[in-house]
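# Observations on the three-dimensional arrangement
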Amino acid sequence: MADVPVPGPELTARDVATDVAGAIPARVRDLLDTLWDDGHAAYVVGGSVRDVLLGRDAHDWDLATSA
């Protein structure tokens, strides 16, 4: 088993919503806006959110939507 540090207080000390929102690429934000404008729920989920919170580069962005 790998000894991997688990984030704790450092996540609560930051404005994580701002961190994630600021990291979303323009093309992904455009998709979210289109979905929201059409009345659907849409959220960024998955590994990209985790990577941003851990200070890593996010390479792919997953969306969950009601569309």
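Scroll up to find the structure this text is about.
A quick note: this is a predicted structure, and the numbers were derived from the prediction, not measured. (Residues numbered from 1 in each chain as written. Predicted model: local features only at pLDDT ≥ 70, side-chain atom pairs only at ≥ 80, totals over all residues. Heavy atoms only, no water.)

### Regarding the nonpolar core
Residues Val-20, Ile-24, Val-28, Leu-32, Leu-35, Ala-42, Val-44, Val-49, Val-52 and Trp-61 constitute the largest nonpolar core, which totals 10 residues. Counting residues per element, the ones that place at least two in this core are α3 (26-37), β1 (42-45) and α4 (47-53). Here the element with the most residues in this core is α3; it accounts for 3 residues. Every residue in contact with Ala-42, bar those within four places of it in the chain, is listed here: Leu-32, Leu-35, Trp-36, Ala-64 and Thr-65. (Core = buried A, V, L, I, M, F, W, Y, C linked by side-chain atoms within 4.5 Å. Buried < 20%, exposed > 50% of the residue type's maximum accessible area, 1.4 Å probe, protein only. Helix = DSSP H or I, 4+ residues; strand = E, 2+ residues; numbered from the N terminus. Contact = heavy atoms within 4.5 Å.)

### Considering the pattern of salt bridges
Using the criterion set out here, one finds 2 salt bridges in the structure. The closest approach of N and O atoms between Arg-56 and Asp-51, which form a salt bridge, is 3.6 Å. On the accessibility criterion, Arg-56 (45% relative accessible area) is partly exposed. Three or more residues joined by partner-sharing salt bridges are found here, namely Arg-50, Asp-51 and Arg-56. (Salt bridge = Lys/Arg side-chain N within 4 Å of Asp/Glu carboxyl O.)

### Topic: the side chain of Asp-51
By the secondary structure assignment, Asp-51 is in helix α4. Judged by relative accessible area, which is 10%, Asp-51 ranks as buried. Among all residues touching Asp-51, those that are not within four sequence positions of it are Arg-56, Asp-57 and Ala-58.

### Regarding the pairing of β1
What you see with β1 is a clean split: Ala-42 and Val-44 sit on the buried side and Tyr-43 and Val-45 on the side with no burial. Sheet topology places β1 next to strand β2 (residues 62-65); 4 bridges connect them, and they run antiparallel. In the sheet register, Val-45 faces β2, and the bridge partner there is Asp-62. (Pairing = 2+ DSSP bridges.)

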